[in-house]
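Analysis of the macromolecular model
As a plain string of letters, each chain reads:
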Amino acid sequence: AQSVTQPDIHITVSEGASLELRCNYSYGATPYLFWYVQSPGQGLQLLLKYFSGDTLVQGIKGFEAEFKRSQSSFNLRKPSVHWSDAAEYFCAVGAPTGTASKLTFGTGTRLQVTL
Amino acid sequence: GAVVSQHPSRVICKSGTSVKIECRSLDFQATTMFWYRQFPKQSLMLMATSNEGSKATYEQGVEKDKFLINHASLTLSTLTVTSAHPEDSSFYICSARVSGGATDTQYFGPGTRLTVL
């Protein structure tokens, strides 16, 4: 069964500093990988996704993530964090099973941005 | 594109009543939609997969008679929480799947906060 681990429950960074959120997955083949962001009381917004090809993926809002098969990781990065980036971030792995690709989510990382 | 809406955004009901939550894909057709439940400060738990024109597939431990799912059209899925009890209070989020190889992606609705008194 697939699984996702986000080791960091809570991270605090200063505005303008760089950011890296960790994500490790467990899956028998090449997975579909996603990062979503959730603001308080809101649904999830897709930041970026990886299916195949270039292992460095660019997303919205200046985020990027790198798929590293050898480390089973898909870490999210941003060179300069803005105060509006404060939110909950979820990494997810999808298994293309049958006609529906189920997603398994990590437990999330709460990002706090200090001014 | 790929906008998903949910209605209502917030509902408060008495114990024993039933509540219906709608999930709509506004600018695309979705043969598959998903329903999740999220407890405070926790991750999303998949409850069921809703397939247009067929029965929903429920995850282990989810009571199908309590959480009724209907996917009557390519843009609408509904979740009905029957005989709701306080332990059903939660944040319910739906997603709609855009399928097709490299575009196989789920887009999420804004969620519905259910409070059962």
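These notes cover the structure that comes with them. (Residues numbered from 1 in each chain as written. Chains lettered and ligands numbered in written order. Predicted model: local features only at pLDDT ≥ 70, side-chain atom pairs only at ≥ 80, totals over all residues. Heavy atoms only, no water.)

**What to know about the pattern of salt bridges**
Residues and elements named next belong to chain A. According to the stated counting rule, one finds eight salt bridges over all chains in the structure shown. Glu 66 serves as the salt-bridge partner of Arg 77, at 3.3 Å between the closest nitrogen and oxygen. Taken as a pair, Arg 77 in strand β9 (residues 73-78) and Glu 66 in strand β8 (residues 64-68) lie far apart in primary sequence, eleven residues in all. For the salt bridge of Glu 88 with Arg 110, the shortest nitrogen-to-oxygen distance reads 2.9 Å. One end of the pair, Glu 88, is in strand β10 (residues 87-97); the other, Arg 110, is in strand β12 (residues 109-114), and 22 residues separate them in sequence. For Glu 88, a relative accessible area of 10% puts it in the buried group. Assessed through its relative accessible area of 36%, Arg 110 is described here as partly exposed. Where salt bridges share partners, they join Glu 64, Glu 66 and Arg 77 into one cluster. (Salt bridge = Lys/Arg side-chain N within 4 Å of Asp/Glu carboxyl O. Helix = DSSP H or I, 4+ residues; strand = E, 2+ residues; numbered from the N terminus. Buried < 20%, exposed > 50% of the residue type's maximum accessible area, 1.4 Å probe, protein only.)

**Describing the environment of A:Ser3**
Residue and element names in this part refer to chain A. Counting through the fold element by element, Ser 3 comes out in strand β1 (residues 3-5). The class of Ser 3 is partly exposed, set by a relative accessible area of 31%. Measuring from C-alpha to C-alpha, the distance between Ser 3 and Lys 102 comes to 12 Å, with 99 residues separating the pair along the chain. The residues touching Ser 3, leaving out its near neighbours within four places in the chain, are Asn 24, Tyr 25, Ser 26, Val 93 and Thr 104. (Contact = heavy atoms within 4.5 Å.)

**Details of the interface of chain B and chain A**
On the chain A side, the residues contacting the 23 residues of chain B number 20 residues. Summed over the three residues of chain B that lose the most area to chain A, namely B:Ser43, B:Asp104 and B:Phe108, the buried surface amounts to 25% of that side. The interface formed by chain B and chain A holds one salt bridge in total. Note that A:Lys102 and B:Glu59 form a salt bridge whose closest N and O atoms lie 2.8 Å from each other. For the pair chain B and chain A, the number of links is six residue pairs in polar contact (both at pLDDT 80 or more). Counting only elements with at least two residues in the side of chain B that touches chain A, the list comes to β4 (32-38), β5 (44-51), β9 (90-98) and β10 (105-108) of chain B. Here the residues of the side of chain B that touches chain A are counted per class, giving ten nonpolar, ten polar and three charged. (Buried area = accessible area lost by both parts, 1.4 Å probe. Polar contact = N/O pair within 3.5 Å; in protein donor to acceptor, adjacent residues only side chain to side chain. Nonpolar A, V, L, I, M, F, W, Y, C, P; charged D, E, K, R; others polar.)

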